[in-house]
Amino acid sequence: MKKFLLPTLILAVISTPVFADFLPSAFSSKFEQEYISTLKGKTKKGSGSIEYKYPGQIRFETNTPSTVVFVSNGVKAWYYRAPFIDGEQGEVTESSAKEGSTIYIKFFDSLKHGLTSNDYYEVKQGEPATLVFKPNASKELGIKESKLHFKNKSQKFDDIEMIELTFAGGKTSKLKFVDLKVNPDLGAGRFNFVPPANTKKTN
């Protein structure tokens, strides 16, 4: 299945309790994204929305430059690409959540460790806070480093403005949150995908 960047780790005990609750159980936000095209290597921009629920549940939708939806409920995953022209077929790929797991699912799940160094990453405090992933975790996630930009010095998840990711191959992605909501009411249906009519299905 295609890797979807637009990204479930075994939790370790967190020794510093002040950061134990850094990651909320769920969040949603609109976003603006800047990333390196995997095809042409050029910087591109996009926008969309994200809904996440720990662990491993995500709904990631882009509306520019194209309409793409990735959904995972922790058991199954769907990758949907809308048709470019009305009347043509869209395409959805179904897989197990493990096979369809994306960089963003693994990354957000890893934030359960909080902003203190752990078995997965070293934390460099400051603005932005920098997470440097250890070799084994970097290989598992496909991420070398992440920078978390906050609105203020509180370093609470609620105050994240932008997340920068540097991938294992050296390319980068910036995800700017717009209207971030923490612990919204996300029903189970948000993490199941029902393909529109006239959609080609593949496994």
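In this report, we go over the structure that sits alongside the text. No experiment lies behind these values; they were computed from the predicted model shown.

Parameters at a glance
- Residues numbered from 1 in each chain as written.
- Predicted model: local features only at pLDDT ≥ 70, side-chain atom pairs only at ≥ 80, totals over all residues.
- Heavy atoms only, no water.
- Salt bridge = Lys/Arg side-chain N within 4 Å of Asp/Glu carboxyl O.
- Helix = DSSP H or I, 4+ residues; strand = E, 2+ residues; numbered from the N terminus.
- Buried < 20%, exposed > 50% of the residue type's maximum accessible area, 1.4 Å probe, protein only.
- Pairing = 2+ DSSP bridges.
- Contact = heavy atoms within 4.5 Å.
- Polar contact = N/O pair within 3.5 Å; in protein donor to acceptor, adjacent residues only side chain to side chain.
- Axes fitted to C-alpha atoms, helices over the stretch in contact; angles between N-to-C directions.

Points about the pattern of salt bridges
No. 1: Applying the stated rule across the entire model yields six salt bridges.
No. 2: Among the salt bridges present, the one from Arg190 reaches Glu51, with a minimum N-O distance of 2.6 Å. In this pair, Arg190 is assigned in the loop between strand E11 (172–182) and strand E12 (199–202) and Glu51 in strand E2 (residues 43–53), connecting sequence segments 139 residues apart.
No. 3: Using a relative accessible area of 33% as the deciding quantity, one classes Arg190 as partly exposed.
No. 4: Take Glu51: its relative accessible area is 12%, and that puts it in the buried class.

A few points about the pairing of strand E9 (residues 143–150)
Where a strand is regular, its side chains alternate between the two sheet faces.
No. 1: By the bridge criterion, four bridges tie strand E8 (residues 129–133) to E9 in an arrangement that is antiparallel. Residue Val132 lies in a different strand from E9, and its bridge partner there is Glu145.
No. 2: One ladder, built from seven bridges, connects E9 with strand E10 (residues 160–167); its direction is antiparallel. Bridged to Leu148 within E10 is Ile163.

Details of the environment of Thr64
No. 1: With respect to the helices, strands and loops of the structure, Thr64 is situated in strand E3 (residues 57–64).
No. 2: Along the sequence, Thr64 and Gly48 sit 16 residues apart, while their C-alpha atoms lie 7.0 Å from each other.
No. 3: Discounting residues that sit within four places of it in the chain, Thr64 has contacts with Lys45, Gly46 and Ser47.
No. 4: Here the side chain of Thr64 touches Ser47 through a polar contact of 2.7 Å, side chain to side chain.

Concerning the environment of Phe107
No. 1: Along the chain, Phe107 turns up in helix H2 (residues 103–110).
No. 2: The exposure class of Phe107 is buried, given its relative accessible area of 0%.
No. 3: Placed 58 residues apart in sequence, Phe107 and Leu165 show a C-alpha to C-alpha distance of 9.4 Å.

Observations concerning the sheet that holds strand E1 (residues 26–36)
No. 1: Read from one edge to the other, the open sheet built from 12 strands follows the order E7-E8-E9-E10-E11-E1-E2-E3-E4-E5-E6-E12, with strand pairing classed as mixed. In the strand order of this sheet, the two ends are held by strand E7 (121–124) and E12, each with one partner. On average, each strand axis in the sheet is inclined to that of its neighbour by 20°, with strand direction left out of account.
No. 2: Here E10 runs beside E11; their pairing, made up of five bridges, is antiparallel. Among the inter-strand pairings, Leu165 is bridged to a residue of E11, identified as Ser173.
No. 3: Against the sheet, H2 contacts E1, E2, E3, strand E4 (68–72), E7, E8, E9, E10 and E11, and its axis sits at roughly 120° relative to E10.

Quick notes on unusual backbone geometry
No. 1: Cis geometry is found at the peptide bond from Tyr54 to Pro55, where omega equals -5°.
No. 2: In this fold, Pro55 is placed in the loop between E2 and E3.
No. 3: Cis rather than trans, the peptide bond between Glu127 and Pro128 has omega equal to 5°.
No. 4: As for its position among the elements, Pro128 is in the loop between E7 and E8.
No. 5: Positive phi, close to 55°, is recorded for Gln155, a residue that is not glycine.
No. 6: Looking at the secondary structure, you find Gln155 in the loop between E9 and E10.
No. 7: Look at Asn198: it is not a glycine, yet its phi comes out positive at around 60°.

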